[in-house]
Amino acid sequence: MEIIATAESVEQGEKLLQAGADTIYIGEDKFGLRLPASFTGDEIKTLTQIAHHEGKQVGVAVNALMHNERIKQVLPYLRTLEEIGVDWISVGDPGVIHLLQTNKIELPFVYDAQTMVTSANQVNFWAKRGAVGAVLARELTYEELKTISEQATVPVEVQVYGSTCIHQSKRPLVSNYMHFVEQANDTAKEKGLFISEAKDEDTHYSIYEDMNGTHIFATDDINLILHLQKLKDVGIRKWKLDGLFVQGDTFVDIVRLFVNERDAIMNNTWSVEALEERAKQLHALHPKGRGLGTGFFLKDPADIK
């Protein structure tokens, strides 16, 4: 089982590798979506060298929504990543895949089209066109994940911890609102802004803006530490942890809990008591004010509307 973790810096990436992560997932804001930090080419190169020295991997996000002016800049970036020797990139735009293949750039790609990847047919369509894997949508139940895993011809990745984006717009929605009410406000991720439903005060959707537009997240972050064995049993062996809203050593400690649980499953040293203790530690480490849940994982597919 492969533990994939985002990183906010070269230093944190190195700590994550030491904690047992197999792959570090990073990128530059211009080409990747919802990253904890934007990495320069030199930083990507440094962390890739560190990871390769440890026998581990680096994946790079190239999954932004590419409008005309943006996609013109992608080709030089792809060539830089090829020269660095990153292990794979995540891609959701067929235009980027076209650039990869027509320019014979030797970069394996994982298909990542966010909410669109909801069936094995979708996965296998892109596998026939060169994808070495696919990132499954967060809005899938266990039964759906099981079916996809059984039928997919390439490995699939599932998020097991972290925030879930439920809406993205290229427009600066929060800035527009602040302008309308004649208030100046910081709309960056670090501000910690939320929106809620008028009829449900318990909802608190994280919202922020960056160069890719406005991003809104589910009230509860995903936590599947209690269900890793079920994922392993159905052949889903790529587990992603997203540290977008968890900084520094706290995220490293959370990743270590998942690594320890993974190792216990692999080494047949698993126990209910140890799992419950890890789940308890995870809740203590998770940022206060952010909920935790299983998302769609335990839902009945027939109940989802």
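Cut-offs used in this document
Residues numbered from 1 in each chain as written. Predicted model: local features only at pLDDT ≥ 70, side-chain atom pairs only at ≥ 80, totals over all residues. Heavy atoms only, no water. Helix = DSSP H or I, 4+ residues; strand = E, 2+ residues; numbered from the N terminus. Patch = residues over 30% accessible without salt bridge, like charges linked within 9 Å, V, L, I, M, F, W, Y side chains within 5 Å. Areas by Shrake-Rupley, 256 points an atom, 1.4 Å probe, with all protein chains shown as cover. Salt bridge = Lys/Arg side-chain N within 4 Å of Asp/Glu carboxyl O. Lys, Arg positive; Asp, Glu negative; His and termini not counted. Charge placed at Lys NZ, Arg CZ, Asp CG, Glu CD. Buried < 20%, exposed > 50% of the residue type's maximum accessible area, 1.4 Å probe, protein only. Axes fitted to C-alpha atoms, helices over the stretch in contact; angles between N-to-C directions. Parallel < 35°, antiparallel > 145°, perpendicular 65-115°, else oblique. Left-handed = near helix turned anticlockwise from the far one by under 90°. Contact = heavy atoms within 4.5 Å. Nonpolar A, V, L, I, M, F, W, Y, C, P; charged D, E, K, R; others polar. Core = buried A, V, L, I, M, F, W, Y, C linked by side-chain atoms within 4.5 Å.

Visitor: What is the right way to read unusual backbone geometry from this model?
Guide: Trans is the prevailing form of peptide bonds, just as negative phi is the prevailing case for residues other than glycine. Unlike most non-glycine residues, Arg-34 shows phi in positive territory, near 50 degrees. Tracing the backbone through its elements, the reader meets Arg-34 in the loop between strand S2 (23-27) and helix H2 (41-53).

Visitor: What's the story with a negative patch on the surface in this structure? I'm lost.
Guide: Taken together, the side chains of Glu-11, Glu-14, Asp-42, Glu-43 and Glu-54 define an acidic patch exposed on the protein surface. Of all the elements in the fold, those that place two or more residues in the negative patch are helix H1 (10-18) and H2. The class for Glu-14 is partly exposed, based on a relative accessible area of 33%.

Visitor: Could you clarify how one ought to interpret the packing of H1 against helix H10 (residues 248-266) in this entry?
Guide: Contact pair H1 / H10: the axes reach a minimum separation of 9 Å and the direction vectors enclose 20 degrees. The orientation of H1 relative to H10 falls into the category roughly parallel. Where H1 crosses over H10, the two elements pack in a sense that is right-handed. Touching Gln-12, Lys-15 and Leu-16 of H1 are Gly-248, Asp-249, Phe-251, Val-252 and Val-255, all from H10. Classifying every residue of the contact of H1 with H10 by side-chain character gives four nonpolar, two polar and two charged.

Visitor: It is not clear to me how the side chain of His-227 should be interpreted in this structure. Could you clarify?
Guide: Considering the arrangement of structural elements, one finds His-227 in the loop between strand S12 (220-223) and helix H9 (228-233). Here His-227 is in contact with Thr-294, Phe-297 and Leu-298, once residues within four sequence places are set aside.

Visitor: Hey, could you run me through the nonpolar core in this one?
Guide: Generally speaking, soluble globular proteins have nonpolar side chains that are buried together. Ranked by internal contacts, the top residues of the largest apolar core, which has 82 residues, are Val-60, Val-62, Leu-78, Ile-89, Leu-231 and Phe-258. Considering every element that reaches this core, the biggest residue donor is H10, with eight residues. Not counting residues within four places of it along the chain, the set of residues in contact with Leu-78 comprises Val-62, Ile-89, Val-96, Leu-99, Leu-100, Ile-105 and Leu-107. Ile-4, Tyr-25, Val-110 and Val-135 belong to the second-largest nonpolar core, a separate cluster that totals seven residues.

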